[in-house]
Amino acid sequence: MNDVDVSKQIEQMVRFIRQEAQEKANEISVSAEEEFNIEKLQIVEAEKKKIRQEFERKHKQVEVRKKIEYSMQLNASRIKVLQAQDDLVASMKEAASKELLNVGHHSFFHHHNYDRLMKALVVQSLLRLKEPAVLLRCRKEDIGVVEDILSSAVEEYAMKANVCEPEIIIDRVHLPPAPSSHHAHGPSCSGGIVMASRDGKIVIENTLDARLDVVFRKKLPEIRKRLFGQVAA
């Protein structure tokens, strides 16, 4: 083999090596492009997932805040409604308290009815106490009424309880007078009596104001139902 043949063979080998190198370089380039695209897609998907998760987190926060705000507004509305209801009920009780002043007023028209009422209160108090000696307290302006009905009240009690007539002492300390514009915030009493055992251990408060409180508490559910309807629990 001469030098020319050797040169040709070497050139062929060089071309073959270059071709293989080019093909290998192309394969590497394609593979690298594919790997780059795959990695880029993975990164994009990972970022998309992060964005979706962040959006969902913020969306949930917004929904929670909306629910909290709605709940607060609903509770505030309920409180306003309940306050308005309480105000209405309180105004009814206040109106009833003012009517008590007419019951205890010593006019000619009311005098006879008030006498009968005071007698009934004394008899009822005696029946609840069942004591041989009691102390009776009333308003200063009611002393005359109490003295007028006391004898017949004691007699009626003794007959109903089948006991001897008890000793009743009218207390020198009086219940407060009826409420007035001059003493709007001081103690007051619309009428009735307070009776106690001699030792003071048992006290029966039978004033008109106390009876109104008892009746109002007892009838409050019915009053609310009539005014506002059946309230869901």
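Residues numbered from 1 in each chain as written. Predicted model: local features only at pLDDT ≥ 70, side-chain atom pairs only at ≥ 80, totals over all residues. Heavy atoms only, no water.

Undergrad: Would you take a moment to explain the confidence of the model for the chain for this structure?
TA: In low-pLDDT regions, the fine details of the predicted coordinates are not to be read closely. Summarising the model, the chain shows a mean pLDDT of 86, and 91% of its residues fall at 70 or more. Confidence, expressed as mean pLDDT per element, reaches its minimum in the chain at helix α2 (residues 108-129) with 84 and its maximum at strand β1 (residues 133-138) with 96. (pLDDT = per-residue confidence, 0-100. Helix = DSSP H or I, 4+ residues; strand = E, 2+ residues; numbered from the N terminus.)

Undergrad: Where do I start with a nonpolar patch on the surface in this structure?
TA: A cluster of nonpolar side chains, contributed by V6, I10 and V14, occupies part of the molecular surface with about 210 Å² of accessible area. The topology assignment puts V14 in helix α1 (residues 3-103). (Patch = residues over 30% accessible without salt bridge, like charges linked within 9 Å, V, L, I, M, F, W, Y side chains within 5 Å. Areas by Shrake-Rupley, 256 points an atom, 1.4 Å probe, with all protein chains shown as cover. Salt bridge = Lys/Arg side-chain N within 4 Å of Asp/Glu carboxyl O.)

Undergrad: Teacher, can you tell me more about the pattern of salt bridges here?
TA: Between side chains of opposite charge, a pair can form when the charged atoms approach closely. Following the criterion strictly, the structure yields 14 salt bridges and no others. One salt bridge in this structure joins K58 and E54, with 3.8 Å as the shortest N-O distance. Here the residue K58 and the residue E54 both occupy positions in helix α1, the gap between them amounting to 4 residues, near one helical turn. Residue classification places E54 among the partly exposed positions, given a relative accessible area of 32%. A single salt-bridge network, built from bridges that share partners, covers E54, R57 and K58. (Buried < 20%, exposed > 50% of the residue type's maximum accessible area, 1.4 Å probe, protein only.)

Undergrad: What is the right way to look at the sheet that holds strand β3 (residues 192-197) in this model?
TA: Two orientations exist for strands paired in a sheet by backbone hydrogen bonds: parallel and antiparallel. The 4 strands are arranged β2-β1-β3-β4 in an open sheet whose pairing can be described as mixed. This sheet does not close on itself; its edge strands, each paired only once, are β2 (167-170) and β4 (203-207). Put simply, the sheet's adjacent strands are angled 20° from each other on average, direction ignored. Where β1 lies against β2, 4 bridges are found, and the strand directions are parallel. Directly across from A133, in β2, lies its bridge partner E167. Seen against the sheet, helix α3 (residues 143-161) touches β1 and β2 and runs at an angle of roughly 175° to β2. This element, helix α4 (residues 208-228), spans β3 and β4 of the sheet and lies at about 90° to β4. (Pairing = 2+ DSSP bridges. Axes fitted to C-alpha atoms, helices over the stretch in contact; angles between N-to-C directions. Contact = heavy atoms within 4.5 Å.)

Undergrad: Even after reading the chapter, I still don't get the side chain of S125, so can you show me in this structure?
TA: Looking at where S125 falls in the secondary structure, it is placed in helix α2. Here S125 falls in the buried class, since its relative accessible area comes to 0%. For S125, the side chain forms a polar contact with the side chain of N206, separated by 3.0 Å. Those residues in contact with S125, other than ones at most four positions away along the chain, are I193, M195, I204 and N206. (Polar contact = N/O pair within 3.5 Å; in protein donor to acceptor, adjacent residues only side chain to side chain.)

Undergrad: How do you make sense of a negative patch on the surface when you look at a structure like this?
TA: A cluster of acidic side chains, namely E33, E34, E35 and E39, defines a negative patch on the protein surface. Relative to the assigned elements, E35 resides in helix α1. (Lys, Arg positive; Asp, Glu negative; His and termini not counted. Charge placed at Lys NZ, Arg CZ, Asp CG, Glu CD.)

Undergrad: Any chance you could explain unusual backbone geometry here in plain terms?
TA: Here K130, not a glycine, exhibits a phi torsion of approximately 55°, which is positive. Using a relative accessible area of 58% as the deciding quantity, one classes K130 as exposed. Non-glycine residue N162 carries a positive phi angle of around 55°. If you trace the backbone, N162 turns up in the loop between α3 and β2. Judged by its relative accessible area of 70%, N162 is exposed.

Undergrad: Any chance you could explain the nonpolar core here in plain terms?
TA: As a rule of thumb, nonpolar side chains are buried together in soluble globular proteins. Formed by 24 residues in total, the largest nonpolar core has its most connected members in M118, V122, L126, L136, I193 and M195. Of all the secondary structure elements, the ones that give two or more residues to this core are α2, β1, α3, β3 and α4. Contacts of M195, omitting those with residues within four sequence positions, involve V122, S125, L126, L129, V134, L135, L136, I202, V203 and I204. (Core = buried A, V, L, I, M, F, W, Y, C linked by side-chain atoms within 4.5 Å.)

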